[in-house]
Amino acid sequence: MDNNKDIDKILDFFDGKEEPTDDEILALLDTEEGQRAWNELQDLDETANRLAGQKPDIDAEWAAFEKKRKDKTEPQPKRRTVSLGMAWKVAAVAAAAILLLVMLKYNTPATEQEAGPEMAVAMEKAEVEKHEETLAKAIKAKKIKMTTVEVPAGETTEVVLPDGTEVCLNAKSTLKYPAAFEGKMRLVSLNGEGYFKVSHDKSHPFVIKANNVTTRVLGTEFNVRCYDSNDVHVTLVEGSVEVTSNINKVKISPNQDACLTEGKLVVANVNPKDFTSWREGLMYFDNATLRTILHQIGAWYNVSVVCDKSAILDKHFHYMFNVNDSIDKAIQLLRNASDLEISLEDNTIQVK
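Residues numbered from 1 in each chain as written. Predicted model: local features only at pLDDT ≥ 70, side-chain atom pairs only at ≥ 80, totals over all residues. Heavy atoms only, no water.

A. Quick peek at the overall build of the chain. A tally of helices and strands in the chain yields ten helices and 18 strands. Out of the 352 residues belonging to the chain, those deemed buried represent 43%. Look at the contacts in the chain between residues 6 or more apart in sequence, and 52% of them connect residues 24 or more apart. (Helix = DSSP H or I, 4+ residues; strand = E, 2+ residues; numbered from the N terminus. Buried < 20%, exposed > 50% of the residue type's maximum accessible area, 1.4 Å probe, protein only. Contact = heavy atoms within 4.5 Å.)

B. The arrangement of the nonpolar core in detail. Judged by nonpolar contacts, the single largest core of 30 residues is most densely connected at Leu175, Phe196, Phe222, Val224 and Val243. Beyond its immediate chain neighbours, meaning those up to four positions away, Leu175 contacts Thr147, Thr148, Val149, Leu161, Val167, Leu169, Val188, Ser189, Leu190 and Phe196. Of all hydrophobic cores here, the second largest spans 28 residues; its members include Cys168, Tyr301, Val303 and Ala330. (Core = buried A, V, L, I, M, F, W, Y, C linked by side-chain atoms within 4.5 Å.)

C. View of helix 7 (residues 117–140). With 24 residues, helix 7 extends 35 Å from end C-alpha to end C-alpha; this agrees with the ideal 34 Å at 1.5 Å per step. When we look at burial in helix 7, the residues that qualify are Ala120, Val121, Met123, Glu124, Ala126, Glu127, Val128, His131, Leu135 and Ala138. Count one or two residues on from helix 7 and you reach Lys142, which has phi positive near 60°. (Expected span 1.5 Å × (residues − 1).)

D. Expanded view of the sheet that holds strand 15 (residues 304–307). Strand order in this open sheet of three strands is 15-18-17, and the pairing throughout is mixed. Looking at which strands have only one partner, the edges of the open sheet turn out to be strand 15 and strand 17 (342–345). Across this sheet, the average inter-strand angle for adjacent strands is 25°, counted without regard to direction. Note: strand 17 against strand 18 (residues 348–351), four bridges, orientation antiparallel. (Pairing = 2+ DSSP bridges. Axes fitted to C-alpha atoms, helices over the stretch in contact; angles between N-to-C directions.)

E. Quick peek at the packing of helix 9 (residues 290–301) against helix 10 (residues 327–338). The N-to-C vectors of helix 9 and helix 10 enclose an angle of 170°; their axes lie 11 Å apart at closest approach. Between helix 9 and helix 10, the angle falls in the class roughly antiparallel. Here helix 9 contributes Leu290, Ile293, Leu294, Ile297 and Tyr301 to the contact with helix 10, which in turn contributes Ile327, Ala330 and Leu334. Here the contact of helix 9 with helix 10 is composed, by residue class, of eight nonpolar, no polar and no charged. (Parallel < 35°, antiparallel > 145°, perpendicular 65-115°, else oblique. Nonpolar A, V, L, I, M, F, W, Y, C, P; charged D, E, K, R; others polar.)

F. Fine view of the side chain of Glu221. Position of Glu221 relative to the elements: it lies in strand 8 (residues 221–226). There is a polar contact of 2.6 Å between the side chain of Glu221 and the side chain of Tyr195. (Polar contact = N/O pair within 3.5 Å; in protein donor to acceptor, adjacent residues only side chain to side chain.)

If you want it as structure tokens, here you go:
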């Protein structure tokens, strides 16, 4: 198809000038961009229903669709028995085509252009929640089983998911996933830290829930750290990743990190090795908060942490330790890097 010509033609139809054929609409939808537009339309419909709490008026949609086709040379056959699902699908096909055409014509996502970033966040949350509801029903009906992997302190674990995705989990991390991926997305949840090599599947995005952040990919390599809500990072090694918080949605490129700061995602250029060196046994922190450093030490050596002055937890330091080092050596290195009074008492790190 000649996209520019067909875009103008179908847009003229909605201005009452000219009507495209069904074949032209369906041919446009039978592409990767068309399928993406169709999926976004379904997400938008789901979001609207959740926000407004109303079902679409099927008869009104049908009437509007038939009205646009008023220039037919033959009289329209009387509609006798048409299912609600079919009626909505016919109307939705036309709407999906327009959504796609706007995206192609103006080279920008129609949903965000029309509704702003708030709607993009709402759409992401609605789609994930819908999938979780479907998954919960399948689990309750015993059609699907969930698998939970818990990594003890001082260890890392390799996991291969049902779709072939490889995950390396850091110490004190928990990964939950279904025994078989079904539905529109491959959804997993993570608490802790994991390095993902996602198996490519453009029809089924891979989505990770980590605290208040979701990460969506088709197939790529990246690191997710989320031991607590104050230390959430998504660091991209290769490919492309979309990260969504409760406030905003960002897309990061290789050698970039999305960090959750006061509930909002902030993107920065980084050296990915600073966030992935733990896989080689080296815990490296480049200008990291003391909170993050202590969390990692505690997770690896399985010790508690007590800090008398909470304000110093947000101070930044450069620090590293080898996982084969003793905890006494790790603490001594932290003293040298921070000039803080740090000790180990009764299996608890004391910071004063």
